[in-house]
Each structure stands twice: as C-alpha cells, then as structure tokens.
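# A look at the structure
Below are the chains, spelled out letter by letter.
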Amino acid sequence: MNRLSKKWLSSDSGFTQVLGAMILKGRWGLTLLLLVMVALSLLSLHNWQNAAFLSASSCLTSIYGFISTALRSSWYWLVLLTLLMFLVIGVCNTMTNIYSLRKNETGITWCQIMILIFVGIWLIGLLCIIKIQKESGYFIIFGVLGTLMTWIFQDTIKGVVAFVHLRLNHLLYIDDWIQVPKLNVDGEVKRITLTTVTIYNWDTTTSSIPTSVLHNDHFINLQRMTSGKTYGRQMLKTFILDTGGFHPLTAEEIESLKQKKEVKAYLLDEDFKVGELNAHLFRLYVFHWLMNHPYVSQEPRLVVRWLEQKETGLPLQIYGFIMEGGVLAYEWQQSQIIEHIVEALDWFGLQLYQRPSSHDVSNLTEKVLMSRKEETL
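Presented here is a report on the structure given in the accompanying data block. (Residues numbered from 1 in each chain as written. Predicted model: local features only at pLDDT ≥ 70, side-chain atom pairs only at ≥ 80, totals over all residues. Heavy atoms only, no water.)

## Description of the state of the cysteines
Note the threshold: Two cysteine sulfurs form a disulfide in these notes if their separation is within 2.5 Å. Partly exposed describes any residue whose relative accessible area lies between the buried limit of under 20% and the exposed limit of over 50%, with all areas from a 1.4 Å probe on protein chains only and scaled to the type maximum.
Under the counting rule described, the total for this entry stands at zero disulfides. The thiol of Cys 92 is unpaired, and the distance to the nearest cysteine sulfur, on Cys 111, comes to 4.9 Å. A relative accessible area of 7% means that Cys 92 is categorised as buried.

Pasting the structure below:
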C-alpha cells in the first residue's frame, strides 16, 4: 500500500496525487473507515426494510435496524464530519509538501483554502447537528468553549489572516530570499502554510516561524533584487581616513600621479592642480572609477561623500548599487572594490585610521630607542 501511495504521489495528475495522499501509510485506515460510513449514509437514503433478502434473514434485519438507528443519531454525522475534516487536512498537508517541492504556488494556496473550507464546514455542521439554542445548556457551554478556543488558537487565527494577506498581495513565494531581523532569520523560503513558514538559513540551519510574524513585524524580501529586477544590491561602505595625511599636492606629487595609468584614466588634466588637497582628488578618482565600473550601477544613485568629522578621522562614504545580486557574486565584487580603494589611498598619500595596538606601541618604542642610541654614538 505504501509503495502504491508513493507511486501515485509522484504522478503529474492531481487526482492521482490526492488518491496517493489518501492511502498514505497511517492514513489508509481512516480513508477506508470514512468510505464505509459514507456508503452506509447513502444506503440510508433508500428503504431496504421490505427487501426480500432482509426478510429472509433475521440477522440481516437486526443489522439493518442497528445501522438505521445509528444513522438517525446526530453523533454519527458529527463523527463522519470530523473524520472527513481530519482526512482533508492530512491530504492537503501532504499535497502542500509536494507543491512546495515543485514550487507550485497556486496548488499551495488552494490546499490551504481547502483546509479553511472544511474546518468551516465542520463548525457549521457542529452547530446544525447539536442545534444550539439560547435556552439550552449547550449554548453556555459552547460560548465558554468558543472563547477559550479563540484565546488558545489566537496565533493560528492571526496566521490565517497573515497567509491571506501575503498571498493576495503577492509578498511571499517559495525560494524567496527573506530576512527577519527581529528573529535573526536570513535565508530561502521552502514551505508556506496557514500557520508556519519554513526557511533554510544561509548558515545551514532551519527556522520555522509563525506566518503572523511576517504580517505583524518587519521582514525584508530580497528576491526581486537577487533576480535582477531592480538596479542591483545596495553597497554602503565607510572608510575613516586619518586627517593627518591631508595636505596640498606639490608639483612632484602631481607628476607622480599622472604617471599612474589607473589615475590618469579616470581624471582630467584640469583636475590635477598644484595646491589641490589630496583628499579632494582622491574622492574625485573614486567617484569616476566607480562610474566606469562594469558591475556598479549609476541608478538610482551613486554617491561618494564626506561624512561628519569624528575624533578618529574623516569618514568617506560610498553609496551605490552592485548589479550582481547573488550572494557570492555580490560579495566578490564588493570585496574587489574595497581592496582597490584601500590600494589607491597610498597613491594619494592617504591612509586609513587605525587605533594604535600593542604592536604599534612596541615598534614605536623600539624606533625611539634606536634613534637615541644612534644619537649617542
């Protein structure tokens, strides 16, 4: 039975897949019981009491009487509805797993809608079968139970609302790259249900978060950027320069810069002026170099600017967009840009600020001692 179920589940036919889910291991007994009860319900629509085969056997007559009595009981129909609801939920959950693997968003949505529909049918059937009235004791009991269940399953109810919101507004799909900063979640969506969203994080861990979190709290969907449907992925980097190296350029320094092909390719002759601040010329070089970079977009903005002076130095900020949105490609291009800017600092006589370490202090002390020793000699 289990082998047949797996074979049907792997089929491309939706009807065959549903049959496979119904006879899945641990569920085929429920399916068989439900089919028997439905068959008895259909037989109850006909009057078999005067049939010849019943009158020929007192045993069959007794069985018929027992079934007829059971079918007239409201609890029979309540059990039938309950079994049907659990079977539908089980089948829909199995189908959701299959549709998640196949990235069938429409199938996932309809499976979750079917769960909602049959839960609603069960609730309506429960009210109709028991026939709750204000005068009956059931009214008070179900009122208290309803309040208690609403409080217990409030997160589930919120999840249903969130699922509908996300689907109607096309905010989340399978394989979308999302970030939930509050929960430290960063990875790809692999499964979406009424109550939970399963994410495979980049650190190879798995997170299962309530669907309501994506409706109530802030989350970021980076899929459009990764798929190349935007200008690219934002790059925002700040380099703190040591202002002790800021000085006007001399004629010799200007000539030295002109000898470098990298600098000459991105700066005009009128940019090279004796007495021009080296930090200003460096900022112009970085801006024009990024403008001509094959993987840096000039839209929606490309900014190279000085930020407010700090006690550690003057920050130079680069704000742009790298066209490669994939994790590996983006990080590779960003690293190459940072390395080139750090390398170019020395061309203009600039350096990054770095708080002195014990190694720096030790070297300085050694140099001072060597200097004094030479003076003594």
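## Details of the pairing of strand β1 (residues 177-180)
Heads up, the rule is: Strands are treated as partners if at least two bridges between them are detected by DSSP. Helix and strand labels come from DSSP, where a helix needs a run of H or I of at least four residues and a strand needs a run of E of at least two; each type is numbered from the N terminus.
Pairing geometry for β1 and strand β2 (residues 185-192), over four bridges, is antiparallel. When the bridges of β2 are listed, Gln 179 appears paired with Asp 186. Between β1 and β2, which pair antiparallel and follow one another directly, the connecting turn spans four residues, one of which, Asn 184, has a positive phi of 60°. Across two bridges, the pairing between β1 and strand β5 (residues 220-221) is antiparallel. When the sheet's bridge partners are listed, Ile 178 is paired in β5 with Asn 221.

## A short note on the packing of aromatic side chains
A ring pair, where both rings are aromatic, is described by two values, the distance of the centres and the angle of the planes. Put simply, the rule reads: Stacked, tilted and edge-to-face are the three classes assigned to paired rings of Phe, Tyr and Trp, where Trp is represented by its six-membered ring and a pair needs centres within 6.5 Å; plane angles under 30 degrees give stacked, over 60 edge-to-face, the rest tilted. Definition used: whenever NZ (Lys) or CZ (Arg) falls within 6 Å of the ring centre and also within 35 degrees of the ring normal, the charge is taken to sit over that ring.
Overall, the coordinates contain seven aromatic pairs when judged by the stated rule. A centroid spacing of 5.9 Å and a plane angle of 55° characterise the contact between Phe 246 and Trp 306, whose relative ring orientation is tilted. With a gap of 60 residues between them, Phe 246 in the loop between β6 (233-241) and α12 (251-258) and Trp 306 in strand β8 (residues 303-306) connect regions that are remote in the sequence. With centroids separated by 6.1 Å and ring planes inclined at 65°, the aromatic side chains of Tyr 285 and Trp 347 adopt a geometry described as edge-to-face. Residue Tyr 285 is located in helix α14 (residues 278-291), and its partner Trp 347 is located in helix α15 (residues 327-347); the two are separated by 62 residues in the primary sequence. Accessibility assignment for this pair places Tyr 285 and Trp 347 in one class, buried. Above the ring of Tyr 330, the side-chain terminus of Arg 233 is found at 4.1 Å from the ring centroid.

## Comments concerning the nonpolar core
The cut-off we apply is this: Take the buried Ala, Val, Leu, Ile, Met, Phe, Trp, Tyr and Cys residues and link them wherever side-chain atoms come within 4.5 Å; each set so joined is a nonpolar core. Here, two residues are considered to be in contact whenever any of their heavy atoms come within 4.5 Å of each other.
Membership of the largest hydrophobic core comes to 35 residues, with the highest contact counts inside it found for Leu 172, Ile 178, Val 180, Val 197 and Leu 214. Breaking this core down by element, the ones donating at least two residues are α3 (28-43), α6 (74-101), α7 (105-130), α9 (154-168), β1, β2, β3 (196-201) and α10 (213-216). If you tally residues by element for this core, the top one is α6, at 10 residues. Residues within four places of Leu 214 in sequence aside, it is in contact with Leu 166, Leu 172, Ile 178, Val 180, Val 197, Ile 209 and Phe 219.

Read these as spatial facts, not as claims about activity.
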